[in-house]
Structure formats: structure tokens, C-alpha cells
Amino acid sequence: MNIGKIIIVIGVSGVGKTTIAQNLGKQLGLPFIDADDFHPMQNIKKMESGSPLNDDDRKPWLEKINVALNEYKSTTGVVLACSALKESYRKLLGKDLGSAIHWVVLSGSFELIKNRMESRNHFMPSDLLKSQFDTWEEPDYGMKVDVSHSPEVIVDFVNEKINMKGKAEIGLIGLGVMGKSLSRNIAGKGFAISVFNRHVDGQEVDVAKLFAAEHEEMNPELAFDDLSAFVESLAAPKTVFLMVNAGAAVDAVIEGLCEHLSDGDVIIDGGNSHFKDTERRFHALKEKGIQFIGTGVSGGEEGALKGPSIMPGGSSQAFDSVGPILKAIAAKDSAGTDCCAFIGKGGSGHFVKMVHNGIEYAEMQLIAEVYAVLRYGMSKTPAEISAIFSDWMKTDVTSYLLEITADILQKKEGEKYLIDLILDKAGNKGTGSWTTIAACELGVAIPTMTAALFARYQSSQLDMRLKASEIYASANVDIAFDLGKLKAAYQMARIVNHHQGYDLIATASEHYGWDINYDDLSRIWTNGCIIRSRLMEAISKAKLEQGNILMNPKLNAEVLVSRGALNDLSAVLSKTNISAPCMLSALSYLNGYVEKRSLAHIIQAQRDYFGAHTYERVDAPRGEKFHTNWLS
Ligand code: NDP
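Conventions and cut-offs
Here the residue numbering is sequential within each chain, running from 1 through the sequence in written order. Given that the model is predicted, a residue must reach a pLDDT of at least 70 before its local features are reported, and side-chain atom pairs must reach 80 or more before they are shown or counted; all residues, however, enter totals for whole chains, interfaces and linings. Note that water and hydrogens are dropped before the side-chain values are worked out from all heavy atoms of the structure. Cavity means a closed set of points on a 1 Å grid over the protein atoms alone, one where a 1.4 Å probe fits but cannot get out, pocket means an open set with protein on both sides within 12 Å along at least 5 of 7 lines, and lining means a residue has an atom within 4 Å of a point. Grid points are joined across faces, edges and corners, and a volume is the space filled by probe spheres set on the points. Only DSSP runs of H or I covering at least 4 residues are called helices, and only runs of E covering at least 2 are called strands; the numbering of each starts at the N terminus. Here the term charged refers only to Asp, Glu, Lys and Arg, the term nonpolar to Ala, Val, Leu, Ile, Met, Phe, Trp, Tyr, Cys and Pro, and the term polar to all other amino acids, Gly among them. Each pair of strands is called paired provided DSSP finds at least two bridges between the two strands. Axes here refer to lines fitted to C-alpha atoms; in helices the fit is confined to the stretch in contact. Angles between the N-to-C directions go from 0 to 180 degrees. In this scheme, roughly parallel covers angles under 35 degrees and roughly antiparallel covers those over 145, while 65 to 115 is roughly perpendicular and the rest are oblique. In a left-handed crossing the near helix is turned counterclockwise from the far helix by less than a right angle, and in a right-handed crossing that turn is clockwise. Here a residue-residue contact requires only that any non-hydrogen atoms of the pair lie within 4.5 Å.

To find leftover empty space, a probe the size of one water molecule is rolled over the atoms. Here the largest pocket is characterised by a volume of approximately 2000 Å³. Every residue lining the largest pocket is counted, 43 residues in all, and those nearest its centre are Q365, A368, Y371, D424 and S459. When residues of the lining of the largest pocket are traced back to their parent elements, those giving at least two are α15 (348–377), α17 (400–408), α19 (447–459) and α20 (462–472). Tallying contributions element by element places α15 first for the lining of the largest pocket, with ten residues. Residue classes in the lining of the largest pocket are distributed as 26 nonpolar, ten polar and seven charged.

In this section: the sheet that holds strand β4 (residues 101–107). Strand order in this open sheet of five strands is β2-β3-β1-β4-β5, and the pairing throughout is parallel. Either end of the sheet is taken by a strand with one partner, and the two such strands are β2 (32–34) and β5 (143–146). Each strand axis lies, on average, 20° off the axis of its neighbour in the sheet, ignoring direction. Two strands pair when backbone bridges link them, and strand β1 (residues 6–10) and β4 are joined in this way by five bridges, in the parallel orientation. Bridge assignment links I7 to a residue of β4, and that residue is H102.

Moving on, we come to the packing of helix α24 (residues 553–573) against helix α25 (residues 581–594). Their axes nearest at 10 Å, the elements α24 and α25 cross at an angle of 130°. Accordingly, the angle class assigned to the pair α24 and α25 is oblique. In the packing of α24 onto α25, the handedness of the crossing is left-handed. Across the interface between the two elements, V559, R563, L566, N567, L569, S570 and L573 of α24 pack against M583, L584, A586, L587, L590, N591 and V594 of α25. Among the residues forming the contact of α24 with α25, the class breakdown is ten nonpolar, three polar and one charged.

Below, the structure is given as C-alpha cells:
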């Protein structure tokens, strides 16, 4: 079926919608329509009587325009001029138009529009124009056009962009869980996107075509299983977003793509690739003239569709060109800013995503340990624990992970809690272990994250655990522990966990010369991603010095208050059979972090004793080495 182009030119009064839309219509050979001509009689009467229209009045008017646009969609296409100041109006206008629609968003400063209107003797009281600007909710999608240029320049610009249509602005390879959601998100924001999934005889057949046909926002003409046709469908410079499994698949896809790409084209790897692979690919592709971005994407399937947190690193030049798309599809922080910011050179984007996942592992384990205290130490039911977590969600400890756990604990199958039917063997896909390995390579202590990883490994030794429990386990000891204190201890351990993650990032940033901006990083982790939380919001407002959380005056006040709670919890835990490696390691880490005299003098003496490794002395200049013949 032929799909006519629906071009909707929007913006405040006086911005030049009618002129631009009429000229565009002429150049593209499309009819022009003006939204004002669609007002029903009662609206016209109301306006004539001097009363402003409200949103209830506008609804039937916008619906009437939408009906007309849908008719044009199946015939010639059309150019419409309509202010469409609010997102809710645009939703009504764009209903069922899918990929046929092209938004042209005209914008200019208040002074510019006011002066223009006055020079055209088109008087509009300042407060009326101001109210237009106040109402204007600028979309984060569509073709943005600065009206300080002449109408001819603007029309040529828009015309060129629209004629480029048929060609896509971005292509995505890999229509798995994440790729499908991200493509729909990109298309839903008004970007023309081509999608590709490989063909595997008898297994993967017409995946892209079937997916595009299923979703209104996708364009079936831009769905491929032939790589060369897919690349051909992209406008230059060609930008390809990979959402395939990390590892060999990424290399294989890049190798295939390189045969079709040329100088200046861009590849973005959005999977969970190892940052060292990203560094390698960045340099190898640079030699071929292809710009490479390795980006972390967090938020799971739903986040990818509705707005993930996006952490791009690599070519800043490529980010300049593709940034508007990545920002448009990202989640928004509490101030409405995109949860997407350029992280730094090389593999920095994938490095911070890896650490994000490391922090996530410990956040999950800490919740599990609190659950263990409540369930096995204090004999609460899952529903009672869910209620406690729901209470906590009203406070500073709230997080996405706590919210989902409160939900999980309510879920029943018949009389049984589903949580009791789930096998206690945790999986992992690698990013947690990479975080620990990276920390070892860089010499950074992250015991809380590592404890969470090792807890997963230990859980997977299920048969051995069952046998051992018969020999060693004794009955659980009932404990009484104040819920407020438990919450404080939990928050304390979380702060320590986040501190360790940031310490690792700061060390890597210095080591690799990435120059990471911690305020930006924390801000983009306040929404869209799995570790979003009120604590992350506090971290993002705290202005970290060199990524340090525990020394930050805005954050360490809570540590000073809550440290005792973690001490008390640890004391109580030692009387039970509950395994709580993250809680205990957080306390131990904190004790190690703040102690004036560590235990390392004993270690150094032992090293010198058996291996003549030498030691430094407290009563000699730093750097001077001593050795003792301990046996003499
Ligand atoms: P899926 O397994 O659902 O999808 C993987 C996609 O990659 C499929 O379309 C698959 O094609 C394609 N693919 C695999 N190997 C090849 C190859 N050799 N050539 C071409 N295409 C290939 O994975 P996800 O969507 O869950 O994850 C994708 C990436 O995103 C991973 O790196 C993952 O770690 C990361 N990620 C996942 C998140 C999640 O919540 N799922 C969250 C954040 C990141 P086919 O269908 O033909 O097999």
C-alpha cells in the first residue's frame, strides 16, 4: 500500500508555520492544509465572542484534523500547519499515522518572533505571545528548525531531509529483546529507522519484516534480512546501531558491515561488550575511517522501549551527529533532561555500564540479605516483608530494585508464594565478574560488589549446599532487630557499595585518560537504568570530588549516623546462620577505609621475613626501603 507523507509544521504563533508549510507543499507537490480551517462551528463562535478555547474545545477539532490526515495518508499525503503546542495535542493529531508522519518543529527566541510580527504589522500583545511560549512543550523528536534562517533556506533544508526519507537516519541490527524495544522507541520518536535481523534457514526467517508489520510505528519498507540492502537504505553518513550478543557476534557483524560502509560512517555497539573489546574495535575501525561508539544501555526490555539510561563512549565526533537520536530516546531526569551523556574516549561507555552492573549485583544482594534477616531471623512472611519494603519506598532508601522486590514478594501461585517456588541458584552473564577482574587489574578494593558476585557463584553449588546443610546446619536463631536500624544498616551498606563503584570508575578514568564527568554520570543514572534510586539522586546533587562518595560532606553525614546500625546488625547476624556477605563486607570495608593504622605493617613484616620484599618505616622518609634479617 502506498503511504503518503504527512508533514506537520508546528510552533508558536508568528513562528512562520503557514509560509513554511505552503512553500514545502509547493516544492514537494503536496496539498497544504491549515489547522484553523478545521474548527467546528462552536469553536468559531466561542473565539468570535472573545473567549479562549480550552483543551476540551480543542479535542474534537484535533480529532477532526486527525481523520483528514489519515485520509491523506492513504492518498496523496499532505502538509499541515498547526501550532500543536502541547504533547497531548500532538498525540491526538498523530494517532494511527505511524511512520508516515514527519514533524517539522519551528523554533526561535521570544524577541525574534515578537520583532518579526511587529515588522509585519501583525500586532500581537506581548502577554499573548508569552502565553504561547509558556504553553509550548517542545518535542524531543522531529526535525528541529531554527527560524532565524530565511524561509527559502528552511524549506530547502526540510525538503532535503524529507527527500532523504525512504532513506533512514539510523539502522539497527539485532531484533532480540533489546533491539526490538529500542527500534520501536527510535521510530516512535519520529526518526526513520531501518531494521535488520539475520536470516537463518528454518529458524530466523523474515524476523525484521514480521516485526515491522506488527508495530504501527515501524516502516515495513525499511525492514531487511539482506545486509547490503539494509545498508543501502541508510542516508549518508550511515549510522548503524548494533544490539547483538556481546563477544564474537559483535566482531562478526562489524566485519560484515565494513564491506558496505565507508569513510565517516558510524557504528554504535549498544550491547554489554567488554570495554577492552570496545577499545580494540574503536582503534581498528578508526584506521578504516569508521567512527565507533560503544554505549552502555540500561533499563531492560521496558526501559529500552520507554526510555533507557544511555552511556556512550568512543568517538565524540560521532556522538555530535547521533547524539540527538540517543538523547531523544533516553529517559528523562527529574528536571526533564535526557539521561544520556557522552562519557569519554575509547571504552569508557562500556566500562561505566560494566560498573553499573557491578553496583546492581550488590544492590540486589543487599536486598536479598535484608529479606533473609526479616524472613529467617524475624519470621516474617513474604507479604509482610513486601509491606515493610513498601514503607521504605516512601523514604530515602527507595530504589527501582526495592520497588520490584516489594512486588515480587506479593506474587502467589495458588496458596504459595512464587518466591518460594523459584530455584535458589543465581545466574550471571559476565559483567559482574568483569567488574571484579577490572578492579583487580587496577588495584581497587570493591569487596561488596565482589561479595555479591561470589554469593551468586556459591548459590550455584546447589547439590553441595544441600549435602553440607545436613551436616552443618543448626536451627535458625530468632532475632529481634529494630526495623529502623535495619533500614539504616541497609542504606549504609548501599552507600559503601556505590562508593566502591565510583572509586573503580575514578581509578579507570585516570588510568585510561577518560576524564569522566561524575556529575553527568550520576545524573544519567537517576532514571531509566536498573540502579536508579533516591540515593543516586543524592549522589548526583552532591558534586563528587574525583568520584569520591565517602569523603563527600553531603553524603558522609548519613554514614556517620548509620555506621552504628551496620555494626549492630553485623553483631546480631553473627548469632544466626544467615549468610550476609555484602552487609558484612561493607562494614569491614568501611572499618578498613577509616582506620588510622591498618594491619599492613604485619603483612609487610611477614613479606620481608620470608621473601626479603623490604618495608618502609614510619620514622623514615616515604619511599626509603628497609630489610631486616629476622633470624639474627
Ligand atoms: P537477544 O539474545 O534477545 O538478542 C540478540 C540479537 O543478536 C538477536 O537478534 C540475534 O539474532 C542477534 N545475533 C546474535 N548473534 C548474531 C550474529 N552472529 N550475527 C547477527 N546477529 C546476531 O539479546 P538481548 O537483546 O537481550 O541483548 C543484546 C545485547 O544487549 C547483549 O549484549 C546484552 O548483554 C545487552 N543488554 C541486554 C539487556 C537485557 O535486559 N536483555 C539490558 C542491557 C543490555 P537471532 O535472532 O537471529 O539469533
